[in-house]
Amino acid sequence: MIDKFIDTPAAAVADIHDGATVLVSGFGGAGMPTELLHALIDQGARELTVVSNNAGNHETGLAALIKAGRVRKVICSFPKASHSWVFDDLYRRGAIELECVPQGTIAERLRAAGAGLGGFFTPTAYGTELAAGKETRIIDGRGHVFETPLHGDFALVKADLADRWGNLTYRKSARNFGPIMCMAAKTTIVQVRAKVALGELSPEAVVTPGIFVKRVTQVAHSAFSS
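Residues numbered from 1 in each chain as written. Predicted model: local features only at pLDDT ≥ 70, side-chain atom pairs only at ≥ 80, totals over all residues. Heavy atoms only, no water.

As recorded by an unreviewed UniProt entry, the chain carries the name 3-oxoacid CoA-transferase subunit A and is attributed to Achromobacter ruhlandii.

Engineer: Explain helix α5 (residues 103-115) to me, please; I cannot follow it from the model alone.
Structural biologist: Count 3.6 residues to each turn of an α-helix, and residues three or four apart come out pointing the same way. Between the first and last C-alpha of α5 there are 18 Å, a value that for 13 residues agrees with the 18 Å anticipated at 1.5 Å per step. For α5, every residue scored as buried is listed here: T105, I106, R109, L110, A112 and A113. Taken around the axis of α5, the buried residues stretch over an arc of 160°, which confines them to a single face. Trailing α5 by a residue or two, G116 shows a phi angle of about 75°, which is positive. (Helix = DSSP H or I, 4+ residues; strand = E, 2+ residues; numbered from the N terminus. Expected span 1.5 Å × (residues − 1). Buried < 20%, exposed > 50% of the residue type's maximum accessible area, 1.4 Å probe, protein only. Arc of directions from axis to C-beta.)

Engineer: Sorry, what's going on with the sheet that holds strand β2 (residues 48-51) here?
Structural biologist: Sheet strands associate in pairs through backbone hydrogen bonding, adopting either a parallel or an antiparallel arrangement. The parallel open sheet is built from 7 strands, whose spatial order is β4-β3-β2-β1-β8-β11-β13. The open sheet has two edge strands with one neighbour each: β4 (97-100) and β13 (215-218). On average, each strand axis in the sheet is tilted by 20° relative to the strand beside it, whichever way the strands run. Here strand β8 (residues 152-158) runs beside strand β11 (residues 185-192); their pairing, made up of 6 bridges, is parallel. Among the inter-strand pairings, G152 is bridged to a residue of β11, identified as A185. With respect to the sheet, helix α2 (residues 34-43) is in contact with β1 (21-24), β2, β8, β11 and β13, its orientation differing from that of β11 by roughly 115°. (Pairing = 2+ DSSP bridges. Axes fitted to C-alpha atoms, helices over the stretch in contact; angles between N-to-C directions. Contact = heavy atoms within 4.5 Å.)

Engineer: So what exactly am I meant to see when it comes to the pattern of salt bridges here?
Structural biologist: Charged atoms that come close allow side chains of opposite charge to pair. Per the counting criterion, the structure on display carries 14 salt bridges. A salt bridge links E99 to R109; the shortest N-O distance between them is 3.2 Å. Placement of the pair is E99 in strand β4 and R109 in helix α5, with a sequence separation of 10 residues. Assessed through its relative accessible area of 23%, E99 is described here as partly exposed. If you follow the salt bridges from partner to partner, you end up with K73, E99 and R109 in one network. (Salt bridge = Lys/Arg side-chain N within 4 Å of Asp/Glu carboxyl O.)

Engineer: Please explain the pairing of strand β3 (residues 71-76) as it appears in this structure.
Structural biologist: Regular strands place their side chains on alternate faces of the sheet. Most of β3 sits out of view: 5 of its 6 residues are buried. Alignment of β2 against β3, held across 4 bridges, turns out to be parallel. Bridge pairing in β3 places V51 opposite I75. A crossover connection joins β2 to the parallel β3 through helix α3 (residues 62-67); in handedness this β-α-β unit is right-handed. Note that β3 and β4 share 4 bridges and pair parallel. Across the sheet, the residue bridging to C76 is C100, located in β4. Remark: the β3/helix α4 (residues 85-92)/β4 crossover connection has right-handed handedness. (Right-handed = clockwise from strand over helix to strand, strands pointing away.)

Engineer: How should I be thinking about the environment of F154 in this particular structure?
Structural biologist: Relative to the elements of secondary structure, F154 occurs in strand β8. In this structure the C-alpha to C-alpha distance between F154 and K214, which are 60 residues apart in sequence, comes to 9.8 Å. Beyond its immediate stretch of four places on either side in the chain, F154 contacts D15, I16, H17, A20, T21, V22, L23, A185, T187 and I189.

Engineer: How should the packing of aromatic side chains be read in this particular structure?
Structural biologist: Any aromatic ring pair is given by two values, namely how distant the centres are and how the planes are angled relative to each other. Scanning all chains against the criterion turns up 2 aromatic pairs. Here the aromatic rings of F87 and Y91 are separated by 5.7 Å at their centres, their planes lie at 15°, and the arrangement is stacked. Of this pair, F87 and Y91 both sit in helix α4, 4 residues apart, roughly one helical turn. Residue Y91 is classed as partly exposed on the basis of its relative accessible area of 41%. The ring centre of F5 lies 4.7 Å from the NZ or CZ of K195, which sits over that ring. (Phe/Tyr/Trp six-rings, centres within 6.5 Å; stacked < 30°, edge-to-face > 60°. Lys NZ or Arg CZ within 6 Å of the ring centre and 35° of its normal.)

If you want it as structure tokens, here you go:
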């Protein structure tokens, strides 16, 4: 019988290894898999490359992982915010690397990885420092930049409901990068608010099919504020 549920967040992240590329869902605090991130801190993996929309909020979740010194590089769209002081301090001191990617581009790079594409051309960032060292091409009279897929060894994602096969639904804006990150990672680990019986989720309501999900753990009530 297929049952992808794991008892605890700690057990779910136990095999994340040093040097892994970890995709982390969330738009600010919405959809941030906070319990999985804190379990990863306790687990001890280091030298991580994290792909996320932003560089952490306050001192919980992703910011806590960064503060613990576990992240070597952040690939994100929005590293600077009033509540991203942990990353900001480390970056100013040269203690962490940053690859800044426009938001639409990071989403499409993740989607390309999940779809098995070799890359794509986009006009975004053409003629700017973000295009330095990348292939460019004029298409229909407009400059484009070639962008490569963004694969992850693991994805840590927050969803709302899941059945034992790993089919997922999300809650409103907390959906954000979760679906494409599930597709772009070799191993997708998901925390959900509730487990539902197989067949309870309408096929029309499922956003992420279970084929893209390796493990699920239930976190009914968060112990952290984001």
